[in-house]
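Chains, contacts and geometry: an overview
Take a look at the letters that make up each chain.
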Amino acid sequence: MSPELEAKLRADYPLIFTAEPIGDPDDPDVPAVLTLCATWGFECGDGWYDLIDVLCLNLQYATKNGAPQVVARQVKEKFGGLRFYAGGPNDEQAGMIQVAASMSTRLCEVCGNRGKLVRNGWIKTRCAEHENADNE
Ligand SMILES: [Zn+2]
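Before going into details, it helps to say that this report is about the structure given with it.

Thresholds applied
Residues numbered from 1 in each chain as written. Predicted model: local features only at pLDDT ≥ 70, side-chain atom pairs only at ≥ 80, totals over all residues. Heavy atoms only, no water. Helix = DSSP H or I, 4+ residues; strand = E, 2+ residues; numbered from the N terminus. Buried < 20%, exposed > 50% of the residue type's maximum accessible area, 1.4 Å probe, protein only. Pairing = 2+ DSSP bridges. Expected span 1.5 Å × (residues − 1). Donors = N, O, S within 2.8 Å, 3.2 Å for Na, K, Ca; no water. Tetrahedral: all angles 85-135°; square planar, octahedral: opposite > 155°, others 65-115°. Polar contact = N/O pair within 3.5 Å; in protein donor to acceptor, adjacent residues only side chain to side chain. Axes fitted to C-alpha atoms, helices over the stretch in contact; angles between N-to-C directions. Parallel < 35°, antiparallel > 145°, perpendicular 65-115°, else oblique. Contact = heavy atoms within 4.5 Å. Nonpolar A, V, L, I, M, F, W, Y, C, P; charged D, E, K, R; others polar. Salt bridge = Lys/Arg side-chain N within 4 Å of Asp/Glu carboxyl O.

1. Quick notes on the environment of Ser102
As for its position among the elements, Ser102 is in helix α4 (residues 91–104). For Ser102, a relative accessible area of 37% corresponds to the partly exposed category. Sequence spacing of Ser102 and Glu6 is 96 residues, and the spatial spacing of their C-alpha atoms is 22 Å.

2. Some remarks on the sheet that holds strand β1 (residues 42–43)
Read from one edge to the other, the open sheet built from three strands follows the order β1-β2-β3, with strand pairing classed as mixed. Looking at the sheet topology across the chains shown, the edges are occupied by β1 and β3 (81–87). As paired strands, strand β2 (residues 71–78) and β3 are joined by seven bridges and run antiparallel to one another. Directly across from Glu77, in β3, lies its bridge partner Leu82.

3. A look at helix α3 (residues 49–64)
Between the first and last C-alpha of α3 there are 22 Å, a value that for 16 residues agrees with the 22 Å anticipated at 1.5 Å per step. Positive backbone phi, approximately 110 degrees, marks Gly66, located one or two places after α3.

4. Points about the coordination of the zinc ion
Summarising the metal site, the zinc ion is bound by the protein donors Cys108 (SG), Cys111 (SG), Cys127 (SG) and His130 (ND1), whose distances to it range over 2.1 to 2.3 Å. Note that the zinc ion binds four donor atoms; their angles at the metal cover 100 to 114 degrees, and the shape is tetrahedral. We note that the donor set of the zinc ion lies within a single chain, spaced as C-x2-C-x15-C-x2-H. Separated by 22 residues along the polypeptide, Cys108 in the loop between α4 and β4 (116–119) and His130 in the segment after β5 (123–126) bring together distant segments of the chain. The class of Cys108 is buried, set by a relative accessible area of 0%. You can call His130 buried: its relative accessible area is 16%.

5. Re the side chain of Glu109
Along the chain, the position of Glu109 falls in the loop between α4 and β4. Look at Glu109 and you get buried, because its relative accessible area is 0%. At 2.8 Å, the side chain of Glu109 and the backbone nitrogen of Gly45 are in polar contact.

6. A closer look at the packing of α3 against α4
Here α3 crosses α4 at 170 degrees, and the two axes come no closer than 10 Å. Judged by the inter-axis angle, α3 sits roughly antiparallel to α4. Along the contact surface, α3 presents Leu51, Leu55, Asn58, Leu59, Ala62 and Thr63, while α4 presents Glu92, Gln93, Met96, Ile97, Ala100, Met103 and Ser104. Split into classes, the residues belonging to the contact of α3 with α4 amount to eight nonpolar, four polar and one charged.

7. What to know about the pattern of salt bridges
Tallied over the full model, the rule gives four salt bridges. Measuring nitrogen to oxygen at the nearest pair gives 3.1 Å for the salt bridge that ties Lys124 to Glu77. Of this pair, Lys124 sits in strand β5 while Glu77 sits in strand β2, and the two are 47 residues apart along the sequence.

8. Regarding the packing of helix α1 (residues 3–12) against α3
What describes two packed helices is the angle between their axes and the distance between those same axes. Following both chains from N to C, one finds α1 and α3 inclined at 5 degrees, their axes separated by 11 Å at the closest point. Our classification of the angle between α1 and α3 gives roughly parallel. Residues Leu5, Lys8, Leu9 and Asp12 of α1 form the contact with α3, whose participating residues are Tyr49, Ile52 and Asp53. By residue class, the composition of the contact of α1 with α3 is four nonpolar, no polar and three charged.

Next up, the structure:
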């Protein structure tokens, strides 16, 4: 994802994409470490920005209404789909993450238009225009 869009997600959802090292709340002896998301950023294309934005908007809205604070550990593309690995979701929030993951296999990872899974040596979700395109 472009640095500009990454920075926007981090600024809009600082509690989800915290850059603070995270420890295990149940075990203070476990040393706090940076999340993969903080270290590597968002390992997917710009076309999924809106999907991630809407997901985080809803996750944070649920938190405002009493649900736990979700903290992203890793956000990446794998086998053409969005993987949003996070700590802390309740069942409702886990469902939101599942819907976003399912929807990602229908949205071009490059531009966000309607897409489909394309097998081309790798498996990616692409529109017709970007069928052969890498993320950039
Ligand atoms: Zn496209």
